[in-house]
Amino acid sequence: MTQQSTERRETRRRRRVEEHGIVATRVRPGHHATLIDVSAGGALIDTNLRLLPGAAVELQVETGAARASVRGRVLRSIVISVQPSGVCYRGAIGFDTHLPWFTSESGYVVPSADARSARPDRADATPQVM
């Protein structure tokens, strides 16, 4: 008997910096995170911050020209390593609103120096120019 896997993702994941343009990621209030992949609807990250499924989080992402904060929830989390310096978690974050840099699945817009944000602190805001 063979099982067929069904793709449940609504949007394509981007893994390389060349695809998504994100050079820095933090979980508010400033905990470093390593971005594994990102889509318009969520991200997979590694961080030393304990991620509890169902917890609300705010992910801060930066490109060379802009930054944005997007709120979401921890969908799942696992411990990926235990070191004397601490525990590292891998967590899937589902965004409350789409990452503002994703215009549609047919295209992706990396923020340019022309991008402006009236309210960069909001999850639905456009990216803020640095």
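Just so it is clear, the model here is predicted, and its values are computed rather than measured.

1. Some points on unusual backbone geometry
Pro29 follows Arg28 through a cis peptide bond whose omega is 20 degrees. By the element assignment, Pro29 lies in the loop between strand E1 (24-27) and strand E2 (31-39).

2. Examining the nonpolar core
Membership of the largest hydrophobic core comes to 20 residues, with the highest contact counts inside it found for Ile45, Leu59, Phe95 and Leu99. The set of elements that each furnish at least two residues to this core consists of E2, strand E3 (42-47), strand E4 (56-62), strand E5 (66-83) and strand E6 (86-95). Once residues lying within four places of it in the same chain are set aside, the contact partners of Leu99 are Ile22, Val38, Ser39, Ala40, Val61 and Val70.

3. Re the confidence of the model for the protein chain
With 68% of its residues at a pLDDT of 70 or more, the protein chain has an overall mean of 76. Below a pLDDT of 50 lies the segment residues 110-130, which in the model reaches 51 contacts outside its immediate sequence neighbourhood of four places, other chains included.

4. Examining the pattern of salt bridges
Per the stated rule, a full pass over the model turns up four salt bridges. Here Arg71 ties to Glu58 by a salt bridge, and the two come within 3.8 Å at their closest N and O atoms. Pair noted here: Arg71 is in strand E5 and Glu58 is in strand E4, with a separation of 13 residues, a long-range link. Residue classification places Arg71 among the partly exposed positions, given a relative accessible area of 39%. One network of salt bridges, with partners in common, ties together Arg28, Glu58 and Arg71.

5. A short note on the environment of Ala24
Of note, Ala24 is situated in strand E1. Linking Ala24 and Thr34, residues 10 residues apart in sequence, is a C-alpha distance of 7.8 Å. Not counting the four nearest positions on each side in its chain, Ala24 is found in contact with Gln60, Val61 and Glu62.

6. Here's the deal with the environment of Leu75
On the secondary structure map, Leu75 appears in strand E5. Here the alpha-carbon distance between Leu75 and Pro53, two residues 22 residues apart in the chain, equals 5.3 Å.

7. Some words on the environment of Gln60
Turning to its location among the elements, Gln60 is positioned in strand E4. A relative accessible area of 18% places Gln60 in the buried class. Note: C-alpha distance between Gln60 and His31 (29 residues apart in sequence) is 9.7 Å. The contact partners of Gln60, leaving out residues within four places of it in the chain, are Ala24, Thr25, Arg26, Arg28, Gly30, Ala68 and Ser69.

8. What about the side chain of Thr47?
Mapped onto the elements, Thr47 comes out in strand E3. Relative accessible area serves as the criterion here: at 2%, Thr47 is assigned to the buried category. A polar contact is formed between the side chain of Thr47 and the backbone nitrogen of Leu49, at a distance of 3.2 Å. If we skip the residues at most four places from it in the chain, Thr47 touches His31, His32, Ala33, Val87, Cys88 and Tyr89.

9. Brief notes about the side chain of Ser77
In this fold, Ser77 is placed in strand E5. Here the side chain of Ser77 touches Leu51 through a polar contact of 3.0 Å, landing on its backbone oxygen. Each residue touching Ser77, except ones within four places of it in the same chain, is listed here: Leu51, Pro53, Tyr89, Arg90 and Gly91.

Conventions and cut-offs
- Residues numbered from 1 in each chain as written.
- Predicted model: local features only at pLDDT ≥ 70, side-chain atom pairs only at ≥ 80, totals over all residues.
- Heavy atoms only, no water.
- Helix = DSSP H or I, 4+ residues; strand = E, 2+ residues; numbered from the N terminus.
- Core = buried A, V, L, I, M, F, W, Y, C linked by side-chain atoms within 4.5 Å.
- Buried < 20%, exposed > 50% of the residue type's maximum accessible area, 1.4 Å probe, protein only.
- Contact = heavy atoms within 4.5 Å.
- pLDDT = per-residue confidence, 0-100.
- Salt bridge = Lys/Arg side-chain N within 4 Å of Asp/Glu carboxyl O.
- Polar contact = N/O pair within 3.5 Å; in protein donor to acceptor, adjacent residues only side chain to side chain.

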